[in-house]
Amino acid sequence: MICAVYKSSRKADTYLFLPKRDDFSKVPAPLMEVFGTPIFVMLLPMTKVKQLGQSDLEKVKAELTEKGFYLQLPPPTEDLLKTHRRELGLDDES
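**Some remarks on the packing of aromatic side chains**
- Enumeration over the complete set of coordinates arrives at three aromatic pairs.
- Seen from their ring centres, Phe17 and Tyr70 are 5.7 Å apart, and the 70 degrees between their planes marks the pair as edge-to-face. One end of the pair, Phe17, is in strand S2 (residues 15–18); the other, Tyr70, is in strand S4 (residues 70–72), and 53 residues separate them in sequence.
- Members of the aromatic cluster, connected to one another through ring pairs, are Tyr6, Phe24 and Phe40.

The structure is reproduced here in C-alpha cells:
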C-alpha cells in the first residue's frame with residue numbers, strides 16, 4: 001500500500017494521508033475548507049514503513065481502508081505554567 005501525504009496550507013503540523021494521490025473524494029468538504037489547499041509532501045510506501053513520527057501506523061492503515069483518508073493533527077500544546085503550578089502543588093485558581 002502506498003499513500004500520498006499532504007500538509008495543510010492553513011493549519012501548522014496538520015497532514016492528510018490518502019490512499020491515492022490527488023483523490024480527495026472521500027474527504028468531507030468541511031474538512032477540506034479548514035485544511036486549505038493541500039500541499040503535496042510525499043508518497044509513502046506503507047508496507048516498507050515500520051513507524052510513523054506522530055501517528056500509529058496501524059491506525060493510519062485502518063482509517064485509510066475504512067474512511068479513505070487519515071488526518072494527522074499536531075499534538076496539543078502544553079501549558080507550561082499550569083504544569084509547573086501543578087507540580088508545585090499550587091492552586092490553579094487565581
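**Brief notes about the nonpolar core**
- Among the nonpolar cores identified, the biggest contains eleven residues, and these are Cys3, Val5, Phe17, Leu44, Met46, Val49, Leu52, Leu57, Val60, Leu64 and Tyr70.
- Looking at this core, the elements that each hand over two or more residues are strand S1 (2–7) and helix H2 (57–66).
- The biggest single contributor to this core is H2, with three residues.
- If sequence neighbours within four positions are ignored, Leu44 has contacts with Met1, Ile2, Cys3, Val5, Phe17, Val49 and Leu52.
- In this structure, Ala4, Tyr6, Leu16 and Met32 belong to the second largest nonpolar core, which totals nine residues.

**Here we look at the sheet that holds S1**
- An order of S3-S1-S2-S4 is seen for the four strands of this open sheet, with the pairing classed as antiparallel. If you trace the sheet from one side to the other, it starts and ends with strand S3 (39–45) and S4, each paired once. Strand-to-strand, the axes of this sheet are offset by a mean angle of 25 degrees, without reference to chain direction.
- In terms of strand pairing, S1 meets S2 through four bridges, oriented antiparallel. Of the residues in S2, the one forming a bridge with Tyr6 is Leu16.
- Strands S1, S2 and S4 of the sheet are contacted by H2, whose axis makes an angle of about 140 degrees with S4.

Calculation notes
Residues numbered from 1 in each chain as written. Predicted model: local features only at pLDDT ≥ 70, side-chain atom pairs only at ≥ 80, totals over all residues. Heavy atoms only, no water. Phe/Tyr/Trp six-rings, centres within 6.5 Å; stacked < 30°, edge-to-face > 60°. Helix = DSSP H or I, 4+ residues; strand = E, 2+ residues; numbered from the N terminus. Core = buried A, V, L, I, M, F, W, Y, C linked by side-chain atoms within 4.5 Å. Buried < 20%, exposed > 50% of the residue type's maximum accessible area, 1.4 Å probe, protein only. Contact = heavy atoms within 4.5 Å. Pairing = 2+ DSSP bridges. Axes fitted to C-alpha atoms, helices over the stretch in contact; angles between N-to-C directions.

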